[in-house]
Amino acid sequence: MHDLSRPAGPKIIAVANQKGGVGKTTTTINLAAALVEAGQRVLVVDLDPQGNASTGLGIEMDDREFTTYELLLEDIELSSVVLTTATDGLLIVPATVDLSSADLELISNEKRSFLLHDALRQTQMDSYDLDYILIDCPPSLNLLTVNAMIAAHSVLIPLQSEFFALEGLSQLMLTIREVRQSGNKDLRIEGVVLTMYDKRNNLSQQVEQDARDNLGELVFKTRIPRNVRVSEAPSFAMPVLSYDSGSKGAAAYRDLAREVLSNNAAMAV
Ligand code: ADP
Ligand code: MG
């Protein structure tokens with residue numbers, strides 16, 4: 001039977017927050033792995049010149065000959081930039097530091113904000129039979145992040161359960177509004193996820209309260225706990241779901257995947 005809950009192509013989610021260290025890359029990798037565990041085929045696009053998502057998913061530097069940079073700025077076969085990972089059904093377009101010059105090179109390109117949008121919608125993409133594309137954004141509201149938001153159906157915002165967490169969120173929301181006006185009017189907010197949550201810490205509780213008061217339903221029920229297994233997994237080049245499947249971190253990302261999947265089902269109604 002035709003599954004009405006699925007958009008025509010893969011659902012594209014930009015994981016964004018201009019603050020560094022809030023859990024964007026960790027969430028991209030582990031949400032992707034949890035969606036794969038739930039039977040989805042997922043492509044991660046590493047859009048951060050730091051290439052942390054690529055490293056965290058085990059892509060060696062030697063294997064990053066063609067990257068997001070080429071995907072955006074050169075006419076390249078998709079099969080050269082889409083790599084497999086150790087997790088079956090989890091693919092990645094890796095990044096290297098080369099991408100840091102893209103932001104400048106994009107400025108003079110008349111399609112500058114639409115390059116990722118167009119790259120992800122080329123017909124060759126169909127052969128990967130993807131359900132989701134998750135874009136790991138850089139810690140900035142630059143042209144790369146705008147490319148992600150123009151390409152995406154929704155933005156998922158990790159919010160670190162720390163002081164000043166909500167500071168900067170209004171700037172992010174403003175950028176989302178600008179993107180809606182400049183080419184992607186249907187851009188949604190997938191949700192805000194509290195990361196590195198410590199339930200014994202008053203500050204975490206306070207950030208959660210503030211977030212729920214201000215953002216209401218946009219805040220996912222799932223909170224990602226601060227969990228040492230989550231922080232160890234990237235140095236073993238795997239998602240926490242593979243590194244320690246029974247950890248609290250893995251369980252939380254499974255819960256988040258369930259919420260993301262049900263968001264999609266709800267949208268179809
Ligand atoms: P960003 O991509 O937003 O810069 P990262 O995902 O790289 O943030 O996370 C920043 C740091 O916090 C990393 O060292 C990561 O391992 C750690 N971290 C992220 N989430 C958790 C968590 N739930 N528990 C423990 N450490 C975490
Ligand atoms: Mg990152």
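Residues numbered from 1 in each chain as written. Chains lettered and ligands numbered in written order. Predicted model: local features only at pLDDT ≥ 70, side-chain atom pairs only at ≥ 80, totals over all residues.

What follows deals with the nonpolar core. Core analysis: the largest hydrophobic core is formed by 80 residues, its most contacted members being Ile135 and Ala148. The residues contacting Ala148, other than those within four sequence positions of it, are Ala14, Ala16, Leu47, Leu116, Ile135 and Cys137. (Core = buried A, V, L, I, M, F, W, Y, C linked by C-beta atoms within 7 Å. Buried ≥ 20, exposed ≤ 12 C-beta atoms within 10 Å, placed from the backbone. Contact = placed C-beta atoms within 7 Å.)

Before going further, it helps to spend a moment on the UniProt feature "domain: AAA" (unreviewed entry) in the protein chain. In this structure's numbering, the residues bearing the UniProt feature "domain: AAA" (unreviewed entry) are residues 11–189. Structurally, residues 11–189 comprises 35% helix and 17% strand, and the distance from its first C-alpha atom to its last is 13 Å. (UniProt positions renumbered as here; feature names shortened; annotations may be inferred. Helix = DSSP H or I, 4+ residues; strand = E, 2+ residues; numbered from the N terminus.)

On to the pairing of strand β7 (residues 188–197). Most of β7 is tucked away, with eight of its 10 residues classed as buried. Pairing geometry for strand β6 (residues 154–160) and β7, over seven bridges, is parallel. Across the sheet, the residue bridging to Ile157 is Val192, located in β7. Taken together, β6, helix α8 (residues 169–181) and β7 constitute a β-α-β crossover, and its handedness is right-handed. Taken together, β7, helix α9 (residues 202–215) and strand β8 (residues 219–225) form a β-α-β motif whose crossover is right-handed. (Pairing = 2+ DSSP bridges. Right-handed = clockwise from strand over helix to strand, strands pointing away.)

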